[in-house]
Amino acid sequence: MSAYPVAATARIDLHAHSTASDGTLTPAELVRAAADTGLDVLAITDHDTTAGWEPAVRALPPGLTLVRGAELSCRWYGVEPSVPLHLLAYLFDPAEPELAAELTRVRAAREVRAERTVELLRADGVDVSWPEVLAGAAGGTVGRPHIAQALIRAGLVATTTEAFGPAWLGERYRLPKEDIDVFRAVRLVRAAGGVPVFAHPRATRRGRIVPDRLIVELAGAGLAGLEADHEDHSPAERAHVRALAAELGLLVTGSSDFHGTHKTVRLGAFTTDVEAYERIVAAATGVTPVAST
């Protein structure tokens, strides 16, 4: 296994999830699916964990390069109430003590939040159980999608989208979670030799978004890029992100944010250009991409 430069025509998807967090494909299945889809580069970016890295590397099929990463649960505390957001961290050293400790803390908080959510549901007579949700997570980082699947199995909702609606996990049974201050997250990723990219920064359909002035401040603190091409961005939102990135000298990525059957988007639905990928690799000092030989 070794890192190598990709062809100018490479298809690159830098945001995908496995069963190490809230995807439905195992890390091994994820890399095989990426190869079958015709991707040349895939990033595994499970929520707040690197648990999928090793099994993905072991199963890496010929012709596919793997970018090891994570999607960090962050929060901006500059307004009240604070705004949750996600930071994609690429090619960082997973053994860096401060970042590793923060990820452990956030994963533990996610599990506590999920268990309390199940308790609220059960108190209202909803027939879901914590052991069932844990079993559905299969050892991965527990999140609301696992509760959504339990609601689907109970016949209470038809889809994950419905489960995330206001009557269920989107509002009525939504609890706050402990996140990493976004400025601290950027510093920790950089200190671990990684490259931080703001995930879907203008996705208004997901809820509240942060103002451009925050992104300006984050760029000054070490943010490397913005994810522009994403299924939750409208064409106008993608254009806005690209213009802001150009103004700030940030790289731009595109990706599927693939979660398997938890979402309808397919691997490779949106891609990153080779120049942006090469900028990420050149800026990283934590770990390198991995390619099968």
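Heads up: these notes are all about the structure in this document. (Residues numbered from 1 in each chain as written. Predicted model: local features only at pLDDT ≥ 70, side-chain atom pairs only at ≥ 80, totals over all residues. Heavy atoms only, no water.)

1. Comments concerning the pairing of strand S6 (residues 195-198)
By the alternation rule, side chains of S6 split into Val 195 and Val 197 and Pro 196 and Phe 198, which are all buried. With four bridges connecting them, strand S4 (residues 83-90) and S6 associate as antiparallel partners. Its bridge partner lying in S6, Tyr 90 is registered against Val 195. Taken together, the two bridges between S6 and strand S7 (residues 225-229) define a ladder with parallel strand orientation. (Buried < 20%, exposed > 50% of the residue type's maximum accessible area, 1.4 Å probe, protein only. Helix = DSSP H or I, 4+ residues; strand = E, 2+ residues; numbered from the N terminus. Pairing = 2+ DSSP bridges.)

2. So, the environment of Ala 59
Of note, Ala 59 is situated in the loop between helix H2 (53-58) and strand S3 (65-76). Beyond its immediate stretch of four places on either side in the chain, Ala 59 contacts Ala 28, Val 31 and Arg 32. (Contact = heavy atoms within 4.5 Å.)

3. Focus on the packing of aromatic side chains
Counted under the stated rule, the structure contains two aromatic pairs. Measuring from ring centre to ring centre gives 5.2 Å for Trp 53 and Phe 92, while their planes differ by 55°; the resulting arrangement is tilted. Of this pair, Trp 53 sits in helix H2 while Phe 92 sits in the loop between S4 and helix H3 (97-123), and the two are 39 residues apart along the sequence. Taking relative accessible area as the criterion, Trp 53 reaches 7% and is therefore assigned buried. (Phe/Tyr/Trp six-rings, centres within 6.5 Å; stacked < 30°, edge-to-face > 60°.)

4. Examining the packing of helix H7 (residues 182-191) against helix H8 (residues 212-221)
Interhelical geometry of H7 versus H8 gives an angle of 30° and a closest axis separation of 10 Å. Overall, the two elements H7 and H8 adopt an arrangement that is roughly parallel. Between H7 and H8 lies a crossing whose hand is right-handed. On the side of H7, the interface is formed by Val 182, Phe 183 and Val 186, while H8 contributes Leu 214, Glu 217, Leu 218 and Ala 221. Split by residue class, the contact of H7 with H8 holds six nonpolar, no polar and one charged. (Axes fitted to C-alpha atoms, helices over the stretch in contact; angles between N-to-C directions. Parallel < 35°, antiparallel > 145°, perpendicular 65-115°, else oblique. Left-handed = near helix turned anticlockwise from the far one by under 90°. Nonpolar A, V, L, I, M, F, W, Y, C, P; charged D, E, K, R; others polar.)

5. Some points on the pairing of strand S1 (residues 12-16)
Of all the five residues making up S1, five are buried; the element is thus mostly covered by neighbouring parts of the structure. Of the strand pairs in this sheet, S1 and strand S2 (residues 41-44) are connected by three bridges, and their pairing is parallel. Looking across to S2, one finds that Ile 12 is bridged to Val 41.

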